[in-house]
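Residue strings, one per chain:
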Amino acid sequence: MTALVYLSGPIGGQTYEGATGWREWVRARLLPGVNAVDPMRGKEKLRDLYGNTAIPVHDIGEVLGCDSRAITQRDRYDTTHADAMLLNLLPAARFKPSIGSMIELGWADAARVPIVMVAEKVRGAWYDHVLVAGTIGWWVDDLKTGVEIVNGLLKPWLVDPCTRLGKDVDGLSPGRD
């Protein structure tokens, strides 16, 4: 059996490497049978066009030769059919809100997909919002812990999602500490 984890996180405002590097890192650390669903798949043209400069949000559809509805439909389907979501907001912590990631968060919550959010625990940050806290299952501040939780959720016979290496993990209760 295969389990799917949707890798949500900012794309616009990031370099191609910034938008894809962490996703590759996560993919390499998922347990066998846990597959990543990557919203950056099929978007290699962005690397060729923007290289080490920030990808502008408003140009993505036009540059890829599809409209916003096609991107939205695919990402909504992927989000709502995943078995878990890993929402990485570390790249966006000091920037403006990642609107696309917040919409994906809503889709996942509506579909009752468990959500692991990785973000700095900064009081008053744009993502430190009552509705975000109400939808996420776990808020951790590093990708390694986020991946461990996802692996635990999707392979419960290998790792208990509420413990790691026999120790309680900070931030595993819903919302804030």
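Before any of the text, the structure's been laid out above.
Residues numbered from 1 in each chain as written. Predicted model: local features only at pLDDT ≥ 70, side-chain atom pairs only at ≥ 80, totals over all residues. Heavy atoms only, no water.

1. A word on the pattern of salt bridges
Then comes step 1: Under the counting rule described, the total for this entry stands at nine salt bridges.
Then comes step 2: Between arginine 23 and aspartate 38 there is a salt bridge, with the nearest N and O atoms lying 3.4 Å from each other. In this pair, arginine 23 sits in helix α1 (residues 16-27) while aspartate 38 sits in the loop between β2 (34-37) and α2 (45-50), placing the two residues 15 residues apart along the sequence.
Then comes step 3: Aspartate 38 sits in the buried class, given a relative accessible area of 10%.
Then comes step 4: Of the charged contacts, one joins aspartate 109 and arginine 112 as a salt bridge, the two residues approaching to 3.8 Å between their closest N and O atoms.
Then comes step 5: The class for aspartate 109 is partly exposed, based on a relative accessible area of 25%.
Then comes step 6: Taking the relative accessible area as the measure of exposure, arginine 112 reaches 64% and is therefore exposed.
Then comes step 7: Here the salt bridges share partners, and the residues they tie into one network are Arg23, Arg27 and Asp38. (Salt bridge = Lys/Arg side-chain N within 4 Å of Asp/Glu carboxyl O. Helix = DSSP H or I, 4+ residues; strand = E, 2+ residues; numbered from the N terminus. Buried < 20%, exposed > 50% of the residue type's maximum accessible area, 1.4 Å probe, protein only.)

2. Some words on the sheet that holds strand β4 (residues 115-118)
Then comes step 1: Here five strands make up an open sheet; going across it, the order is β2-β1-β3-β4-β5 and the pairing parallel. Edge positions in the sheet fall to β2 and β5 (138-140), since each of these pairs with one other strand and no more. The average undirected angle you get between the axes of adjacent strands in this sheet is 20 degrees.
Then comes step 2: Contacting β1 (3-8), β2 and β3 (84-88), α1 crosses the sheet at an angle of about 155 degrees to β1.
Then comes step 3: On the sheet, helix α5 (residues 99-110) packs against β1, β3 and β4 and is oriented at approximately 160 degrees with respect to β3. (Pairing = 2+ DSSP bridges. Axes fitted to C-alpha atoms, helices over the stretch in contact; angles between N-to-C directions. Contact = heavy atoms within 4.5 Å.)

3. Some thoughts on α1
Then comes step 1: If you check α1, its first and last C-alpha atoms are 17 Å apart, about what twelve residues at 1.5 Å a residue would give, namely 16 Å.
Then comes step 2: When we look at burial in α1, the residues that qualify are Tyr16, Ala19, Thr20, Gly21, Trp22, Arg23 and Val26. (Expected span 1.5 Å × (residues − 1).)

4. Here's the deal with the pairing of β3
Then comes step 1: In terms of burial, β3 is a largely internal element, five of the five residues being buried.
Then comes step 2: Of the two faces of β3, both are covered, the one formed by Ala84, Leu86 and Asn88 as well as the one formed by Met85 and Leu87.
Then comes step 3: Across four bridges, β1 lies against β3 in parallel orientation. By the bridge assignment for β3, serine 8 is matched with leucine 87.
Then comes step 4: Of the strand pairs in this sheet, β3 and β4 are connected by four bridges, and their pairing is parallel. Paired with leucine 86 across the strands is valine 116, a residue of β4.

5. Focus on the nonpolar core
Then comes step 1: In terms of nonpolar packing, the biggest core is built from 18 residues, with Val5, Val26, Leu30, Leu86, Val116, Val150 and Leu154 touching the most fellow members.
Then comes step 2: Broken down by secondary-structure element, the contributors of at least two residues to this core are β1, α1, β3, β4, β5 and α7 (143-154).
Then comes step 3: Tallying contributions element by element places α7 first for this core, with five residues.
Then comes step 4: Setting aside anything within four residues of it in sequence, one finds valine 150 in contact with Val5, Leu30, Leu86 and Val116.
Then comes step 5: Membership of the second largest hydrophobic core comes to 17 residues, among which are Tyr6, Leu105, Val113 and Ile115. (Core = buried A, V, L, I, M, F, W, Y, C linked by side-chain atoms within 4.5 Å.)

6. Here's the deal with the packing of aromatic side chains
Then comes step 1: Under the counting rule described, the total for this entry stands at one aromatic pair.
Then comes step 2: A centroid spacing of 5.9 Å and a plane angle of 75 degrees characterise the contact between tyrosine 127 and tryptophan 139, whose relative ring orientation is edge-to-face. Within this pair, whereas tyrosine 127 is found in the loop between β4 and α6 (130-135), its partner tryptophan 139 is found in strand β5, the two being separated by twelve residues in sequence.
Then comes step 3: Overall, tyrosine 127 belongs to the buried group, its relative accessible area being 1%.
Then comes step 4: Since its relative accessible area comes to 4%, tryptophan 139 is described here as buried. (Phe/Tyr/Trp six-rings, centres within 6.5 Å; stacked < 30°, edge-to-face > 60°.)

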